Amino acid sequence: MTETRIEFEISPRLPATLTRLQELSNNLSYTWDRRIQDLFAHIDGELWTACGHNPKMFLRRVSQARIDAAASSPTFLQDYEAALSSYNSYLQQPRAARVRAALDGERDLVAYFCAEYGLHESLPFYAGGLGVLAGDHCKAASDLRLPFVAMGLFYRAGYLRQEIDGDGRQHLRYTPIKGADLAFVEALDRNGQSLRLHVDLLGRDVAIRAWLGRLGELQIILLDTDLDSNTAEDRRITHELYGGDLETRIAQEIVLGIGGVRALRALELAPTVWHINEGHAAFMVLERMRETMRDGVDFHSALEVVAAATVFTTHTPVAAGHDVFPHDLMRRYFPKLIHDLGGGDHGLFALGESPLNALGFNQTALAIRGSRFQNGVSAVHETVAASNERFVWPEIAPHENPIDHVTNGVHIPTYLAPSWANLFDLRLGRQWRNQLCNAEFWRQIDELPDHTFWSIRQLLKLDLLSYLRERLTRQYRRNGLSEAQIQILVRGLAPEHDVLLVGFARRFATYKRATLLLSDPARLARLLADDVHPVVLLYAGKAHARDGGGQDLIRTLHEYSLRPEFQGRLFLIENYDISLARKLVTGVDIWLNTPEYPLEASGTSGMKAAINGAVHLSILDGWWAEGFTGDNGFGIVPHGKNVSAAERDRLESAEVLRVLFEEAKPLYFARNGRGYSEGWLQLAKASQRTVLPRFNAERQVIEYTERFYAPAARHARRLAADSFQAARTLAAWKQRLRAHWSRVSIRLCDGPPPNLIAGTQIRLAVALRLDEISDADVGVEAELGRLTDAGEFEVLETHFLHAERERQDGETLFSAQLAPGAAGLVALRVRAYPRHELLAHRFEMGQMVWL
């Protein structure tokens, strides 16, 4: 006979002196505020860990005795009052000056849509870098008091918890999530009832619940279909992040994009700027167009209205990161939308058209065509994205098309170790928090005492080593290893050993090349076999459930970690999440990154390590191509396309090993009788000094605000004014230009002589056949430059030509008087393109004709 177990919770009563603990647990500022986190840890550290650092769950499960003890502890009450004072001050701080200058806080609102948010380990709504970046963006928006609301999905299963078994196989465990366990509450309608939104899916009315979370003073809204009124199939839509098949994915993206717009309307929020953070939310463009067309605006004008207010950020050059839905699937899911937008399915499909997916609807293409402000996430990524998406602007060179970049940053309060924050308070003054973007201020890092800097680094490393010994011991015991085997494996993590600790932790996608150092295992083993100056390699990361290549990387690393020559020198740590990431980035000496150039996009884990005084060793891709200064870490120049993939991996692996063991290792262990390495400290200080002010999330959000949000808000207001008159004008003009542009031609009438004396003026004239296009609708410019050794045209000067008159043969003459300032052998080229004062970007039409 089996027994019946009935589980229930016994929760404490909070005494009057501690009632605001409930408030602290319900504001997501706990995700970075160490004072708030420490309060719960001090009450019951073991339970705080067992609850996954989740304050709401903690307050339901902590014993009355622990609460009463805290309430009677003068030390705790002092810490409690200090935490409340800091929390109150944070909520009351004014809007940042640069935000006030860019946006109108009374009427502007940025709506930020993303499929995942990595705010904290207690909130499993993220899979990797995209979510963590989105979480940091929200935190910095809160810090700056940006008028901002975030929209996402409430995943009932959360994201995977990873276990790696004794054979190196990855197993993914999902922990069911309850709304009552998290710092979110159900949104209510005007009548105080639970708000319900609705979307149509294949003729089914699917109900959606909205959960509201407060991050400082801004809101995060997460949508959920797990409702009794929905079918079992529809309840599973928001069950799992990036789970299921294409049907699940399109349903999730309809809920996010279309349901998200409807949620904001129902909550009476009126965004003036809409930010699509990766293409998953691109269906919001279609819903907003449908709304605009209900006001009597035609399809093309509605697109201009919507696009003017929209910012799109693309985060990956990897094809798997861009959703494509077959046209048949789109027809099945959007018959009503196709009808509402008019123009049949061809009108809709044109918005998602891309040359690589002739029969598919590309969400990235929709996001680009449905926005007027687009960016990648690093300077390198801008060039890659501009090239990959050039089909939207087919006649424009990639480097001149509208795609720009804002390099990612990290939220300093979340990832800077408390030891560093305390040191900065002592040495730099508490105002350092207001100087995050001031590179000159951070030059003071060089003046920090060497012994103090080294001591903090060593203490953080010892904390990491102790943590990893416990964590790996549990992992090995679960997999059936004997105590003797475990002792052999973890010996390299003994605190008495002075080791050079190298960390590699990120999502295990094949292009990130986690096993690159294993390209020459014999050499790696020889280099690691040094008991006098030991080096330890730490690996951690998850692979997607359907990424067989990524799971193969995990198995390979597991196998090598158990080989005799690598035991105690190479470790694979399971279940990489934000909590483990914070430990690793603060404790390692070197952060290793070996992506396949140019697929990194940005990366942020190296930034987190650098702000904590670790040294970055990476291929010069993503953010590190901008961040590397030559004296703040190690940069590996990537090989080009002139070598095979296998040869590139071999060469780059050899170079990483050379730098690691011929430069980094000798420098780290060069103690010179002082107990620390002066050369290493110089490198580590430069790492922290240069990265912290340039690659923080505050700088990132300010850049978005000034360069994207503010221009989008202004442009959208201009096009929407007077019942969308400007949008109608622009849309009609674009249609007319597109209809006639193919017949535009250009020829030279007057040009430079073969030889010219410096300072001499020349007349340049070209004749344009414009068909039915007005000369006022065309920009004509001459570029003076020279060819580089690589055969590329380097522009030195640009001169604009002006219309003179229309000739009898139907051509219009454009001319300019030039006095070239360049010298030597130069070249001249002339081009014409559509021009209109209402364009957000001068080349957004994507059309150009050359002489």
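Summary of the structure given here. A quick note: this is a predicted structure, and the numbers were derived from the prediction, not measured. (Residues numbered from 1 in each chain as written. Predicted model: local features only at pLDDT ≥ 70, side-chain atom pairs only at ≥ 80, totals over all residues. Heavy atoms only, no water.)

### Structural notes on the sheet that holds strand β27 (residues 849-850)
- Taken in spatial order, the seven strands make up an open sheet running β21-β22-β25-β24-β23-β26-β27, and their pairing is antiparallel. Among the strands making up the open sheet, the edge pair consists of β21 (745-750) and β27.
- Pairing between strand β24 (residues 793-806) and strand β25 (residues 811-818): four bridges, direction antiparallel. Of the residues in β25, the one forming a bridge with arginine 805 is leucine 813. (Pairing = 2+ DSSP bridges. Helix = DSSP H or I, 4+ residues; strand = E, 2+ residues; numbered from the N terminus.)

### Quick word on the packing of helix α20 (residues 450-478) against helix α24 (residues 578-587)
- It is the contact of α20 with α24, at a shortest axis distance of 8 Å, that shows an interaxial angle of 140 degrees. Taken together, the axes of α20 and α24 lie oblique to each other. In terms of crossing hand, the pair formed by α20 and α24 is left-handed. In this structure, α20 contributes Arg457, Leu460, Lys461, Asp463, Leu464, Tyr467, Leu468 and Arg471 to the contact, and α24 contributes Leu580, Lys583, Leu584, Thr586 and Gly587. (Axes fitted to C-alpha atoms, helices over the stretch in contact; angles between N-to-C directions. Parallel < 35°, antiparallel > 145°, perpendicular 65-115°, else oblique. Left-handed = near helix turned anticlockwise from the far one by under 90°. Contact = heavy atoms within 4.5 Å.)

### What about a nonpolar patch on the surface?
- Together, Ile6, Phe8 and Ile10 make up an exposed nonpolar region whose accessible area comes to about 430 Å².
- The residue isoleucine 10 is located in the segment before α1 (20-25) in this model.
- Here isoleucine 10 falls in the exposed class, since its relative accessible area comes to 68%. (Patch = residues over 30% accessible without salt bridge, like charges linked within 9 Å, V, L, I, M, F, W, Y side chains within 5 Å. Areas by Shrake-Rupley, 256 points an atom, 1.4 Å probe, with all protein chains shown as cover. Salt bridge = Lys/Arg side-chain N within 4 Å of Asp/Glu carboxyl O. Buried < 20%, exposed > 50% of the residue type's maximum accessible area, 1.4 Å probe, protein only.)

### Thoughts on helix α10 (residues 246-266)
- With 21 residues, α10 should reach 30 Å at 1.5 Å per residue; the first-to-last C-alpha distance of 29 Å fits that figure.
- The largest bend in α10 is about 35 degrees, located at glycine 259.
- In terms of burial, α10 is largely enclosed, as 15 of its 21 residues are buried.
- Of the residues that open α10, the one with a side-chain oxygen 3.1 Å from the backbone nitrogen of glutamate 247 is aspartate 245. (Expected span 1.5 Å × (residues − 1). Bend = angle between axes of the 7 residues up to and from the residue. Polar contact = N/O pair within 3.5 Å; in protein donor to acceptor, adjacent residues only side chain to side chain.)

### Thoughts on unusual backbone geometry
- Cis geometry marks the peptide bond from tyrosine 597 to proline 598, where omega comes out at 5 degrees.
- Positioned with a positive phi, tyrosine 242 is a non-glycine residue whose angle comes to about 55 degrees.
- Even without glycine at this site, serine 723 takes up a positive phi of about 60 degrees.
- Turning to its location among the elements, serine 723 is positioned in helix α29 (residues 697-740).
- On the basis of relative accessibility, which here comes to 55%, the residue serine 723 falls in the exposed class.

### Notes on the sheet that holds strand β18 (residues 590-593)
- Taken in spatial order, the six strands line up as β17-β16-β15-β18-β19-β20 in an open sheet, and their pairing is parallel. The strands lining the two open edges of the sheet, one partner per strand, are β17 (570-573) and β20 (633-636). Between one strand axis and the next, the sheet turns by 20 degrees as a mean value, whatever way the strands run.
- Inspection of the sheet shows strand β15 (residues 500-505) paired to strand β16 (residues 535-540) by six bridges, in the parallel sense. Residue pairing in the sheet places leucine 500 in a bridge with valine 535 of β16.
- Packing against the sheet, α24 makes contact with β15, β16, β17 and β18, and its axis sits at approximately 155 degrees to β16.
- Lying over the sheet, helix α27 (residues 645-668) contacts β15, β16, β18, β19 (615-619) and β20, oriented at roughly 165 degrees with respect to β20.

### Looking at the nonpolar core
- Counting residues in each nonpolar core, the largest one holds 174 residues, and the members touching the most others are Phe113, Phe148, Ile220, Leu223, Phe283, Phe334 and Tyr709.
- In terms of residues, this core owes the most to one element, α29, which gives 17 residues.
- In this structure, isoleucine 220 is in contact with Leu28, Leu119, Cys138, Ala150, Phe184, Trp211, Leu212, Gly213 and Leu215, ignoring residues within four places of it in sequence.
- The next biggest cluster of nonpolar side chains, apart from the first, holds 74 residues, and it includes Ala417, Trp442, Val502 and Ala664. (Core = buried A, V, L, I, M, F, W, Y, C linked by side-chain atoms within 4.5 Å.)

### Focus: the state of the cysteines
- Using the criterion set out here, one finds zero disulfides in the structure.
- With no disulfide of its own, cysteine 138 has cysteine 114 as its nearest cysteine by sulfur position, at a separation of 8.2 Å.
- Classification of cysteine 138 by relative accessible area gives buried; the value is 0%.
- With no disulfide partner, cysteine 437 has as its closest neighbouring cysteine sulfur the one in cysteine 138, 18 Å distant.
- Judged by its relative accessible area of 30%, cysteine 437 falls in the partly exposed class. (Disulfide = S-S within 2.5 Å.)

### Some details on the pairing of strand β23 (residues 778-787)
- Taken across its ten residues, β23 has eight buried, putting it largely inside the fold.
- Both β23 and strand β26 (residues 827-834) contribute to a ladder of eight bridges, which runs antiparallel. Paired with glycine 785 across the bridge in β26 is alanine 827.
- In the sheet, β23 pairs with β24 via eight bridges, with the strands oriented antiparallel. Residue pairing for β24: glutamate 781 is matched across the bridge by phenylalanine 800.
- Two successive antiparallel strands, β23 and β24, enclose a turn made up of five residues, where glycine 791 displays a positive phi of approximately 85 degrees.

### Focus: the pattern of salt bridges
- Applying the stated criterion to the full structure yields 74 salt bridges.
- Between aspartate 530 and lysine 665 there is a salt bridge whose closest N-O contact spans 2.8 Å. Of the two residues, aspartate 530 sits in the loop between α22 (521-528) and β16 while lysine 665 sits in helix α27, which places them 135 residues apart along the sequence.
- Given a relative accessible area of 9%, lysine 665 falls into the buried group.
- Here glutamate 781 ties to arginine 831 by a salt bridge, and the two come within 2.7 Å at their closest N and O atoms. With glutamate 781 in strand β23 and arginine 831 in strand β26, this residue pair connects regions lying 50 residues apart in the sequence.
- With a relative accessible area of 1%, glutamate 781 lands in the buried category.
- The exposure class of arginine 831 is buried, given its relative accessible area of 0%.
- Salt bridges linked by common partners bring Arg156, Glu186, Arg196, Arg209, Asp224, Asp226, Asp228 and Arg235 together as one network.

### Let's talk about the side chain of lysine 461
- Within the fold, lysine 461 resides in helix α20.
- On the accessibility criterion, lysine 461 (3% relative accessible area) is buried.
- Within the structure, lysine 461 has its side chain in polar contact with the side chain of tyrosine 668 (distance 2.5 Å).
- Excluding residues within four positions of it along the chain, lysine 461 makes contact with Asp498, Val499, Leu501, Gly587, Asp589 and Tyr668.

### Quick look at the packing of α20 against helix α28 (residues 678-694)
- At a closest axis distance of 11 Å, the pairing of α20 and α28 adopts a crossing angle of 75 degrees. Classified by the interaxial angle, the pair formed by α20 and α28 is roughly perpendicular. Residues Asp450, Phe453 and Trp454 of α20 touch α28, and the partners they reach there are Trp680, Leu681, Ala684, Lys685 and Gln688.
- Looking at the contact of α20 with α28 residue by residue, the class counts come to five nonpolar, one polar and two charged. (Nonpolar A, V, L, I, M, F, W, Y, C, P; charged D, E, K, R; others polar.)

### Overview of the pairing of strand β2 (residues 148-153)
- In terms of residue burial, β2 counts as a mostly covered element, since six of its six residues are buried.
- Burial along β2 is two-sided: Phe148, Ala150 and Gly152 and Val149, Met151 and Leu153, pointing in opposite directions, are all buried.
- As judged from the four bridges shared by strand β1 (residues 110-113) and β2, these two strands associate in the parallel manner. Among the inter-strand pairings, phenylalanine 113 is bridged to a residue of β2, identified as methionine 151.
- Regarding topology, helix α8 (residues 129-144) serves as the crossover connection from β1 to the parallel β2, and that connection is right-handed.
- Bridge count for β2 against strand β8 (residues 218-224) is five bridges, and the pairing is parallel. What sits directly across from glycine 152, in β8, is leucine 222. (Right-handed = clockwise from strand over helix to strand, strands pointing away.)

### Here we look at the side chain of lysine 685
- Inspection of the secondary structure assignment puts lysine 685 in helix α28.
- Here aspartate 446 takes part through its backbone oxygen, which lies 3.4 Å from a polar atom of the side chain of lysine 685.
- Setting aside its immediate chain neighbours within four residues, lysine 685 contacts Ile445, Asp446, Leu448, Pro449, Asp450 and Phe453.

The analysis is restricted to geometry; functional conclusions fall outside its scope.
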